[in-house]
Amino acid sequence: MSITHLQSFVAVAEEGHVGRAARRLHLSQPPLSRHILALEDELGTPLFERVPRGMRLLPTGEALLHHARLILAEVEVAARTVREAARGSGAPKPPPA
């Protein structure tokens, strides 16, 4: 399960539509659809119901959504912590070459 797949999943879940989620993520629709299909394949279950006006979360998608948001939030905290450490005196200096 990749961060990109989770970001794609959350965007589609929140937008309810692949096209709007693709615009939000600055992607075209085919790669975004492939991310969702890959995630569903990895988990062995569909996460969305494809409906005429977009995508609707299935109970399996609802079960994943909370966890996906937590994971993405933790990734952001980790990245911010590392950037702050790099700006501070605590950042290790690379050895001379």
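Please refer to the structure placed before this passage.
Basis of the calculations
Residues numbered from 1 in each chain as written. Predicted model: local features only at pLDDT ≥ 70, side-chain atom pairs only at ≥ 80, totals over all residues. Heavy atoms only, no water. Helix = DSSP H or I, 4+ residues; strand = E, 2+ residues; numbered from the N terminus. Rg over C-alpha atoms; globule rule 2.2 N^0.38 Å. Contact = heavy atoms within 4.5 Å. Areas by Shrake-Rupley, 256 points an atom, 1.4 Å probe, with all protein chains shown as cover. Lys, Arg positive; Asp, Glu negative; His and termini not counted. Charge placed at Lys NZ, Arg CZ, Asp CG, Glu CD.

1. Comments concerning the overall build of the chain
(1) Moving on: A count of helices and strands for the chain gives four helices and two strands.
(2) Moving on: The order of α-helices and β-strands along the chain, N terminus first, is α-α-α-β-β-α.
(3) Moving on: Computed over C-alpha atoms, the radius of gyration of the chain comes to 17 Å, more than 25% over the 13 Å expected from 2.2 N^0.38 for 97 residues, which places it beyond the range of a compact globule.
(4) Moving on: In terms of overall dimensions, the chain has a C-alpha envelope of 60 × 25 × 20 Å along the principal axes.
(5) Moving on: For the chain, restricting intrachain contacts to residue pairs at least 6 apart in sequence, the fraction spanning at least 24 positions comes to 47%.
(6) Moving on: Of the roughly 6,500 Å² that the chain leaves accessible, carbon and sulfur atoms contribute 59%.
(7) Moving on: Distance between charge centroids for the chain: 7 Å, based on 12 positive and 10 negative side chains.

Shape is all these values report; function is a separate question.
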